[in-house]
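# Reading the structure
Next come the chains, spelled out residue by residue.
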Amino acid sequence: DSHIQYERVGADVTMKCGSMDWDAAVTWTANGTDIDESHLNGSYLILKNVELSQSGQYSCYEGSSWHLKYQTYLRVGTPPKEPVLMCRSNNYPKGFYCSWHLPTPTYIPNSFNISVIHGTKDMVCEKDAVPKNRCHIRYLQLFSTVKYKVTLTVTNALGKNFTTLTFDEFAIVKPDPPESVVAKPVPNNPRRLEVSWQNPSSWPDPESFPLKFFLRYRPLILDQWQHVELSDGTSHTITDAYAGKEYIIQVAAKDNDIGTWSDWSVAVHATPWTEEPKHLTTEAQITETTSASTSSFMAPPTTKICDKGAMVGSGAMAVCWTAGLVVAAYSVLFI
Amino acid sequence: MAAAESPSSALRRRDLCSRGIRLAGKMRADVVDLLDAYVEQQGLDASASVAAVEGVPVAAVERWDEQTGTQRLLENLAAYRAFRALLAQMLEEQREQLGEADAGLGRALAALLLQVSAFAYHLEELLRLESRGIPGEEGDGPPPPPRLSLFEQKLRGLGVLRELAQWAVRSVRDLRQLAKPSPATGAAPGLAESP
């Protein structure tokens, strides 16, 4: 008869050859390969300190006739450690879901059982088809101060373990991140970026349960984020972007009144509008190329000190009035 | 069949709802702060479960989304009137227990009592706007509860503040529902119905 035998990693395993006597002549195989006689004690197979790699099919044959006398499938594994359980409401006020996993694999099949109690009432957590380790519950009551208690028990052939989570209705509310985040330059505005997004589609009633948003943005070349909190609306115009620099932008959402912030949305990139470079003479092009390669950061337009109309001279020696006055003032000081 | 709401009534209702939402939001923030201080100063365990106490209006509700506007207003009004009496009682117990020793907690309770009274009045205004009769307060109120021990008073106080915090959130949600225009008549959903 073939059956499955579960053993813990590190255990010593003794396999009997069915009803054969201890002193019968037998041959054992593992996955079709003969096992050396040193592992035998009479007709018993002894596996000391079993490892995961020793999982497989073990067969015992009578010595002379090679009749199959016994067969088993050895599965080496571990009893379950305390499972990791998480419950969250991303579709408030409809309900919440709980999902779980084991911190380390057991290498053998596990079964999970979840119970949800609200006060004295047992609630049914309906298992999701996909993913398998998740179930969802509909709220029967709203605004309750009575906590929910969720207990997850995991069982396998080598043992069981469990964990319990206790929480109140508001604490687990966490929307999914905003969707369809779009960032666009604003024509003729070198310091602006227009950002828009949508409520997460999983949030069932944004009109009655409005979300507020947190926007963060930074130029790729800097590490520090700027933050803006927005209590309504699904768009915002950034007005202090550095001209010509590519930005990374993300948005998070939270119910206006309860719960915690969502994870950050997918990041979007955008660069503010810049003016198209005018057609230049050959000499000016060389000057432009030289100066561009040495400058690593272009100051925002507000810091510009020269207008084109205030230039004196031409070509590489062109000097603007303002700069000329400053130079003249310093010259006077040092005479 | 109820008449359609006039534009000025609709505007007034929306205005009252907006202000009510702000009031309730502020009230909730203050209750949450007061809860922290109360738990600490009364030497209670913040995670202690408090069984439902008689006379404390429970915010928990089934089928909340199916309630009519009138139901929402009436339930809110009944709750805040009850909280008004409960907070007044807590304030008096506080003064008896501690005298001037805990003036901060006393002042916070008094401020909250004012907000609850103001919100109850706000709800009455909304009911008047809907030409609904305002239910009278029950005579001299319910008979005074039996005298509780000091510890029982503290636990009841915890229960009162916790339920008030839940009610403040529920009220914001209720007022948002009320502020929504009805697609057909322009009236708030549920408010155009007969009692």
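Chain B has the name Ciliary neurotrophic factor in an unreviewed UniProt entry, where Elachura formosa is given as its organism. Within the UniProt record for chain B, the comment given under Subcellular location (unreviewed entry) is "Cytoplasm". Per UniProt, chain B carries the Sequence similarities (unreviewed entry) text "Belongs to the CNTF family."

Within an unreviewed UniProt entry, the label attached to chain A reads Ciliary neurotrophic factor receptor subunit alpha, and the organism entered is Elachura formosa. In UniProt, chain A has this text filed under Subcellular location (unreviewed entry): "Cell membrane".

## A word on the domain arrangement of chain A
Taken domain by domain, chain A consists of domain 1 (3-77), domain 2 (84-167) and domain 3 (179-270). The gap between the C-alpha centroids of domain 1 of chain A and domain 3 of chain A is 63 Å.

## Concerning the packing of aromatic side chains
Here the structure, examined in full by the defined rule, presents 19 aromatic pairs over all chains. On the numbers, 5.7 Å between centres and 85° between planes, the contact of Tyr92(A) with Phe209(A) is edge-to-face. Placement of the pair is Tyr92(A) in the loop between β9 (84-88) and β10 (95-101) and Phe209(A) in the loop between β19 (189-198) and β20 (211-219), with a sequence separation of 117 residues. As far as the burial class goes, Tyr92(A) and Phe209(A) line up, both buried. Clustering of aromatic rings is evident, with ring pairs tying together Tyr92(A), Phe96(A), Tyr139(A), Phe143(A), Tyr148(A), Phe167(A), Phe209(A) and Trp64(B). In this structure, Arg218(A) packs its charged tip against the face of Trp225(A), placed 4.8 Å from the ring centre. Over the aromatic face of Trp64(B) sits the side chain of Arg72(B), whose NZ or CZ is 4.6 Å from the ring centroid.

## Focus: the UniProt feature "domain: Fibronectin type-III" (unreviewed entry) in chain A
UniProt annotation of "domain: Fibronectin type-III" (unreviewed entry) refers to residues 177-277 of chain A when read in the numbering used here. In residues 177-277 of chain A, helix accounts for 0% and strand for 48%; the two terminal C-alpha atoms are 39 Å from one another.

## Considerations on the interface of chain A and chain B
On the side of chain B, 17 residues touch chain A, which itself brings 18 residues to the contact. For the pairing of chain A and chain B, the buried interface totals around 1,600 Å² over both sides, and the portion due to carbon and sulfur atoms is 53%. For the chain A face of the interface with chain B, the top three residues by lost area are Phe143(A), Thr145(A) and Asp257(A), together amounting to 39%. Here chain A and chain B share 3 salt bridges between them. A salt bridge links Arg176(B) to Asp257(A); the shortest N-O distance between them is 3.3 Å. In this assembly, chain A and chain B are joined by 11 residue pairs in polar contact (both at pLDDT 80 or more). Across the side of chain A that touches chain B, the residue classes tally to 8 nonpolar, 5 polar and 5 charged. Of the pairings in the sheet, the one linking strand β15 (residues 141-142) of chain A to strand β1 (residues 61-62) of chain B comprises 2 bridges and is antiparallel in character. Opposite Gln141(A), over in β1(B), you have Glu62(B) as the bridge partner.

Conventions and cut-offs
- Residues numbered from 1 in each chain as written.
- Chains lettered and ligands numbered in written order.
- Predicted model: local features only at pLDDT ≥ 70, side-chain atom pairs only at ≥ 80, totals over all residues.
- Heavy atoms only, no water.
- UniProt positions renumbered as here; feature names shortened; annotations may be inferred.
- Domains from an automatic or database assignment.
- Phe/Tyr/Trp six-rings, centres within 6.5 Å; stacked < 30°, edge-to-face > 60°.
- Helix = DSSP H or I, 4+ residues; strand = E, 2+ residues; numbered from the N terminus.
- Buried < 20%, exposed > 50% of the residue type's maximum accessible area, 1.4 Å probe, protein only.
- Lys NZ or Arg CZ within 6 Å of the ring centre and 35° of its normal.
- Contact = heavy atoms within 4.5 Å.
- Buried area = accessible area lost by both parts, 1.4 Å probe.
- Salt bridge = Lys/Arg side-chain N within 4 Å of Asp/Glu carboxyl O.
- Polar contact = N/O pair within 3.5 Å; in protein donor to acceptor, adjacent residues only side chain to side chain.
- Nonpolar A, V, L, I, M, F, W, Y, C, P; charged D, E, K, R; others polar.
- Pairing = 2+ DSSP bridges.

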